[in-house]
Amino acid sequence: MSAVKDLVGPAVDRLADELDTLSRRIHEHPELGYQEVKAAGWLSEFLERQGFKMERGVAGVDTAFRGTLDTGDGPTIAILCEYDALPAIGHACGHNVIAAAGAGAGAALAAVRAQLPKGRIQVIGTPAEEGGGGKVKLIRGGVFEAVDVAMMIHGFDRWIMHQDLLGIVRCGFEFTGKAAHAAADPWEGVNALDAVIQTFNNVSMLRQQVRPEARIHGIVTSGGAAPNIIPEFAAATFYVRAADIDYMWALQKRVISCAEGAARATGCALKVIEQRDNAYEPMKRNATLLDAFRANARTLGIVESPESRERMGSSDIGNVSQVIPAIQPMVQIAPEGTPIHSRAFEAAAVEPLARDGLLKSAKIMAMTACDLLANPALVKEARREFEASR
Ligand SMILES: [Zn+2]
Ligand SMILES: [Zn+2]
């Protein structure tokens, strides 16, 4: 077993420059969720060249893909790639590294396919993590039904094997009032912007009364046309996050009440745009898979940092972890102290530290996939743990 596992590291090293180039290319051409045509194309083309059988546009999602490497009857191990960017700040979440690391792990396994234990490796391209819920669509489309376990990595400012994720639900508020001249006839107007501002004030008061891990944050998406017109329309979008999914739904109700109260106070009509089918779920831990990943990380000399309960985000990998055993270790790709979704993180995502994180995580994922294929009992144990923690 160790023989084939020893071969995947050198296989990644042979592809190092190509993987780094792939990562830089994606970074240089940031594409928003569901518009990742270039990234999905480059990754599919790369994987095809390595010997993967490619399906483009899986589950009805144009920029999703699935590459399969089949060596016979055995477990199916999925390695997930993300490649969407953020509006305005590009690859400030480092998804270019996730993409190249996943493709690199797949390529290394393809390079040793003759020696691989029987099973299937799938490299799955999952679009629109930044709010669009690509993995939620792939789950609904049945993409994970035949998958036994899934893994991916995420860039961070340090190595952390498991990071809890908060559940998140998004919620839009549209207020409609009545336009009037703001100086000549203000008493004729109904101010929709006031309703938005009042909603923010209500939410700020609510925030003192919520659990410490919960997060409520919003932006104004429409705030009027000109200062001399009482705004007849204004809108805001809020994200509501909590560690517990039931608490998240309860909190969303309270945030909606904040908007309803604001509508009442200002005399505006309110339309609530709930995005219930696109909620992200908390991350379920799988110690079996994490231990396998950790053991391989240690062979590369990686020193992991303690888990953080203070810096929690949300991701649709959480939804995947609720349907099959899944892990998303955090990989250092930026100097310690660099916050994600920052311009500094965007700049770091193509620096030598990011290349190092990319190559190491590609190796660790490929080694972990070797362990899982060689030892189906490990896959069974991961599944047993998953079922037990339902
Ligand atoms: Zn992000
Ligand atoms: Zn991200």
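Above this text you will find the structure in question.
The rules we used
- Residues numbered from 1 in each chain as written.
- Chains lettered and ligands numbered in written order.
- Predicted model: local features only at pLDDT ≥ 70, side-chain atom pairs only at ≥ 80, totals over all residues.
- Heavy atoms only, no water.
- Donors = N, O, S within 2.8 Å, 3.2 Å for Na, K, Ca; no water.
- Buried < 20%, exposed > 50% of the residue type's maximum accessible area, 1.4 Å probe, protein only.
- Axes fitted to C-alpha atoms, helices over the stretch in contact; angles between N-to-C directions.
- Helix = DSSP H or I, 4+ residues; strand = E, 2+ residues; numbered from the N terminus.
- Parallel < 35°, antiparallel > 145°, perpendicular 65-115°, else oblique.
- Left-handed = near helix turned anticlockwise from the far one by under 90°.
- Contact = heavy atoms within 4.5 Å.
- Nonpolar A, V, L, I, M, F, W, Y, C, P; charged D, E, K, R; others polar.
- Polar contact = N/O pair within 3.5 Å; in protein donor to acceptor, adjacent residues only side chain to side chain.
- Expected span 1.5 Å × (residues − 1).
- Salt bridge = Lys/Arg side-chain N within 4 Å of Asp/Glu carboxyl O.

Protein coordination at the zinc ion (ligand 2): the donors are Cys93 (SG), His95 (NE2) and His154 (NE2), at 2.0 to 2.3 Å from the metal. Along the chain, the residues donating to the zinc ion (ligand 2) are arranged with the sequence spacing C-x1-H-x58-H. In this model, the zinc ion (ligand 2) sits 3.1 Å from the zinc ion (ligand 1), the two metals being bridged by Cys93. The same class applies to Cys93 as to His95, namely buried.

For the rest of this paragraph, the subject is the packing of helix 8 (residues 287–299) against helix 11 (residues 352–374). Helix 11 packs onto helix 8 with a crossing angle of 125° between their chain directions and a minimal axis gap of 9 Å. Classified by the angle their axes make, helix 8 and helix 11 are oblique. Seen from above, helix 8 lies across helix 11 with right-handed handedness. Contacts between helix 8 and helix 11 involve Leu289, Ala292, Phe293, Asn296, Ala297 and Thr299 from the former and Ile364, Met365, Met367, Thr368, Asp371 and Leu372 from the latter. The residue makeup of the contact of helix 8 with helix 11, split by class, is eight nonpolar, three polar and one charged.

Checked against the element boundaries, Asn96 lands in helix 4 (residues 95–111). With a relative accessible area of 0%, Asn96 lands in the buried category. Polar contacts involving the side chain of Asn96 include one to the side chain of Ser23, which spans 3.0 Å. Not counting residues within four places of it along the chain, the set of residues in contact with Asn96 comprises Ser23, Ile26, His27, His91, Ala349 and Val350.

It is worth spelling out helix 4 at this point. Along its 17 residues, helix 4 runs 24 Å from first to last C-alpha, staying within 8% of the 24 Å computed at 1.5 Å per residue. In terms of residue burial, helix 4 counts as a mostly covered element, since 16 of its 17 residues are buried.

This part covers the coordination of the zinc ion (ligand 1). Binding of the zinc ion (ligand 1) to the protein goes through Cys93 (SG), Glu130 (OE) and His341 (NE2), at separations of 2.0 to 2.3 Å. Its relative accessible area of 36% is what places His341 among the partly exposed residues.

Residue position: Gln328 is located in the loop between strand 11 (326–327) and strand 12 (330–332). Contacts of Gln328, omitting those with residues within four sequence positions, involve Glu82, Met152, Ile153, His154, Met161, Leu165, Met283, Ser315 and Ile317.

The full count for this structure, using the stated rule, is 25 salt bridges. When the shortest N-O distance is used, the salt bridge between Asp157 and Arg158 registers 2.9 Å. Assessed through its relative accessible area of 0%, Asp157 is described here as buried. Since its relative accessible area comes to 23%, Arg158 is described here as partly exposed. The salt bridge partner of Asp157 is Arg311, with a shortest N-O separation of 3.2 Å. Taken together, the positions of Asp157 in the loop between strand 6 (154–156) and strand 7 (167–176) and Arg311 in the loop between helix 8 and helix 9 (317–323) put the pair 154 residues apart, joining distant regions of the chain. Within this structure, Asp17, Asp20, Arg24 and Arg355 form a network of salt bridges that share partners.

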